[in-house]
Amino acid sequence: MIYHTHSQEGFRDSVQSDANTLIQGAGKLLAEILREEYGYSVYHHTGCYDIDTRDDAYAKAAPALEEILAQYPQIQVVIDLHRDGVAENRHLVQQVQGVPMAQFMFFNGLSYSNKKGELSYLPNASKMANLALSLKLGIAAKEYYPGLTRDNYLNAYRYNMHYRDKSLLIELGAQTNTVEEIRNACYPLAHILDLVFSGKETYQ
């Protein structure tokens, strides 16, 4: 399953009224690549939880996620696809065989704060499994596409990553990237996901 807590996130040349040029369009393309090139069954959820405000978008998305996962219990992987926000003079781009691609990052919520310790009000029994998955993906990315990924990012909160042992939050590029750079990056991202999901990339 691919979905977008922040469905309205756009890029340098996005047309806000055209979802295909926003992060939802990247999710649609990623789903198509995973289906057509790698044979996965992918559900792309296009619900919007940040139309008027981003406040409480995770809380607004949670009931829909619960309903979908109850309806389709065979879903094993849940990907929340975002784009990052960076300084306007920063451009997250890497040339891969002469093709400009947006850099991306695997993100984890730990339900743990250095100040407060364990955040017991945000339980996540899948935390370690999710962390292990994102680290495997990061290692595969550095091996096959050096420089295309940013360092894995750890944050204190949960980000709805508690519904499956294979929950991912991916930051694909940023607002300073072009739609073309974002779309180009979907191909290596799908390849990296397949390397790990299929077991082609193994870890001791």
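Residues numbered from 1 in each chain as written. Predicted model: local features only at pLDDT ≥ 70, side-chain atom pairs only at ≥ 80, totals over all residues. Heavy atoms only, no water.

**Comments concerning the packing of helix H1 (residues 23–38) against helix H4 (residues 179–197)**
Across the interface, H1 lies against H4 with an axial gap of 9 Å and an inter-helix angle of 45°. Here H1 lies oblique to H4, going by the angle between them. For H1 against H4, the interelement crossing comes out right-handed. When H1 is examined against H4, the residues Gly 25, Ala 26, Leu 29, Leu 30, Ile 33, Leu 34, Glu 37 and Tyr 38 are found in contact with a partner set consisting of Ile 182, Arg 183, Cys 186, Tyr 187, Leu 189, Ala 190, His 191, Leu 193 and Asp 194. In the contact of H1 with H4, the residues fall into 12 nonpolar, 2 polar and 3 charged. (Axes fitted to C-alpha atoms, helices over the stretch in contact; angles between N-to-C directions. Helix = DSSP H or I, 4+ residues; strand = E, 2+ residues; numbered from the N terminus. Parallel < 35°, antiparallel > 145°, perpendicular 65-115°, else oblique. Left-handed = near helix turned anticlockwise from the far one by under 90°. Contact = heavy atoms within 4.5 Å. Nonpolar A, V, L, I, M, F, W, Y, C, P; charged D, E, K, R; others polar.)

**Quick word on the layout of surface pockets**
Empty space within the largest pocket amounts to approximately 440 Å³. In this structure, the largest pocket is lined by 15 residues; those nearest its centre are Met 1, Tyr 40, Ser 41, Gln 76 and Val 77. Across the lining of the largest pocket, the residue classes tally to 11 nonpolar, 3 polar and 1 charged. (1 Å grid on protein atoms, 1.4 Å probe; cavity = no way out; pocket = protein on both sides within 12 Å on 5 of 7 lines; lining within 4 Å. Points joined across faces, edges and corners; volume = space filled by probe spheres on them.)

**A short note on the packing of helix H3 (residues 127–144) against H4**
Here H3 crosses H4 at 120°, and the two axes come no closer than 9 Å. In terms of orientation, H3 lies oblique with respect to H4. Classified by chirality, the crossing of H4 by H3 is right-handed. Counted together, Leu 133, Lys 136, Leu 137, Ala 140, Ala 141 and Tyr 144 of H3 and His 191, Ile 192, Leu 193, Leu 195, Val 196 and Phe 197 of H4 form the full contact between these two elements. Its residues placed into classes, the contact of H3 with H4 shows 10 nonpolar, 1 polar and 1 charged.

**Concerning the pairing of strand E5 (residues 104–109)**
Within E5, 6 of the 6 residues are buried, leaving the element largely enclosed by the surrounding structure. The two faces of E5 match: Phe 104, Phe 106 and Asn 108 on one face and Met 105, Phe 107 and Gly 109 on the other face are all buried. Sheet analysis places E5 next to strand E9 (residues 166–174), joined by 4 bridges and oriented antiparallel. Note on E9: the bridge partner recorded for Met 105 is Glu 171. Sheet topology note: the E5/strand E8 (residues 153–155) ladder contains 3 bridges and is parallel. Across the sheet, the residue bridging to Phe 107 is Tyr 153, located in E8. (Buried < 20%, exposed > 50% of the residue type's maximum accessible area, 1.4 Å probe, protein only. Pairing = 2+ DSSP bridges.)

**A few points about the state of the cysteines**
Cysteine pairs can be covalently joined through their sulfur atoms, and such a bond is termed a disulfide. A complete count under the given rule lists 0 disulfides for this structure. No disulfide involves Cys 48; its sulfur sits 18 Å from that of Cys 186, the nearest cysteine. Look at Cys 48 and you get partly exposed, because its relative accessible area is 37%. (Disulfide = S-S within 2.5 Å.)

**What to know about the sheet that holds E5**
The 5 strands are arranged E1-E2-E9-E5-E8 in an open sheet whose pairing can be described as mixed. What marks the edges here is a single partner per strand, and that holds for strand E1 (2–3) and E8. Against the sheet, H1 contacts E1, strand E2 (77–84) and E9, and its axis sits at roughly 140° relative to E2. Running at roughly 155° to E9, H4 makes contact with E2, E5 and E9 of the sheet.

**Re unusual backbone geometry**
Non-glycine residue Ser 111 carries a positive phi angle of around 50°. Note on placement: Ser 111 falls in the loop between E5 and strand E6 (112–113). A residue is classified by how much of its surface remains accessible, and Ser 111, at 2% relative accessible area, is buried. Phi is positive for Tyr 159, close to 60°, though the residue is something other than glycine.

**Points about H1**
Given a rise of 1.5 Å per residue, 16 residues ought to cover 22 Å, and the 21 Å separating the end C-alpha atoms of H1 matches this to within 8%. One or two positions beyond H1, positive phi appears at Gly 39, with a value near 80°. (Expected span 1.5 Å × (residues − 1).)

**Remarks on the pairing of E2**
Of all 8 residues making up E2, 8 are buried, and the element is well covered by its neighbours. Judged by which residues are buried, E2 turns out to be covered on both faces: Val 77, Ile 79, Leu 81 and Arg 83 on one side and Val 78, Asp 80, His 82 and Asp 84 on the other are all buried. Sheet topology note: the E1/E2 ladder contains 2 bridges and is parallel. What sits directly across from Ile 2, in E2, is Ile 79. Sheet topology places E2 next to E9; 7 bridges connect them, and they run parallel. Each residue of the ladder has a partner; that of Val 77, found in E9, is Lys 166.

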